[in-house]
Amino acid sequence: MTTSGPSDRSEPGTERQNWIERRREKIRAEIDRNRRGEYTVPTWVLALALVLIVGGWLALIFLA
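Each value, and the rule that gives it
Once a new chain begins, its residue numbering starts again from 1 and follows that chain's sequence as written. Only residues with pLDDT of at least 70 get local features here, since the model is predicted, and only at 80 or more are side-chain atom pairs given and counted; chain-wide, interface and lining totals rely on the full set of residues. Excluding hydrogens and water, the side-chain figures rest on all heavy atoms present in the structure. Secondary structure elements follow DSSP: runs of H or I no shorter than four residues count as helices, runs of E no shorter than two count as strands, and numbering proceeds from the N terminus. Burial classes follow relative accessibility: with a 1.4 Å probe on protein chains only, a residue under 20% of its type's maximum area counts as buried, one over 50% as exposed, and anything between as partly exposed. Residue burial considers only the protein chains on display, and all accessible areas are found by Shrake-Rupley using a 1.4 Å probe. In what follows, salt bridge is the name for a side-chain nitrogen of Lys or Arg lying within 4 Å of a carboxyl oxygen of Asp or Glu. In a helix, the anticipated span is given by 1.5 Å times the number of residues less one. The patches reported here contain residues having more than 30% relative accessible area and no salt bridge. Joining distances are 9 Å for like charges and 5 Å for nonpolar side chains (Val, Leu, Ile, Met, Phe, Trp, Tyr).

**Q** Sorry if this is basic, but what is going on with the overall build of the protein chain here?
**A** Each helix and strand in the protein chain was counted, giving two helices and zero strands. Scored against the burial criterion, the 64 residues of the protein chain give a buried share of 0%. When the accessible surface of the protein chain is split by element, carbon and sulfur atoms take 60% of a total near 6600 Å².

Below you can see the structure in the form of structure tokens.
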């Protein structure tokens, strides 16, 4: 005879809900940090800006 008790498996929807809630909390925390002035530009954006500036100068020098 089997008994129906709490199972070890969580429902598939519950796992997704937890992931969504964690993601929302991370976004809220990031927005709060940005409002407090703790915003920093990601390194890849700074590197891309540097490459564009140097590339622009080189194009100006060689194509002029």
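Read on for the rest.
**Q** Would you explain the pattern of salt bridges in this entry?
**A** Working definition: two side chains of opposite charge can pair if their charged atoms are close together. Going through the model one piece at a time under the given rule, you end up with two salt bridges. One salt bridge in this structure joins E21 and R24, with 3.5 Å as the shortest N-O distance. Of the two residues, E21 and R24 both sit in helix 1 (residues 12-35), three residues apart, roughly one turn of that helix. Among the residues examined, E21 registers a relative accessible area of 35% and is labelled partly exposed. For R28, the salt bridge identified is with E25, shortest N-O distance 3.7 Å.

**Q** For this particular structure, what's the right way to read helix 2 (residues 43-63)?
**A** An α-helical turn contains 3.6 residues, so a residue and the one three or four places further along point in the same direction. Between its first and last C-alpha, helix 2 extends 30 Å over 21 residues, near the 30 Å set by a 1.5 Å rise per residue. Counted residue by residue, helix 2 has zero buried out of 21 residues, so it is predominantly exposed.

**Q** What exactly am I supposed to notice about a nonpolar patch on the surface here?
**A** On the surface, Y39, V41, W44, V45, L46, L48 and L52 cluster together to form a nonpolar patch covering roughly 740 Å² of accessible area. Positionally, L46 belongs in helix 2. Overall, the relative accessible area of 52% leaves L46 in the exposed class.

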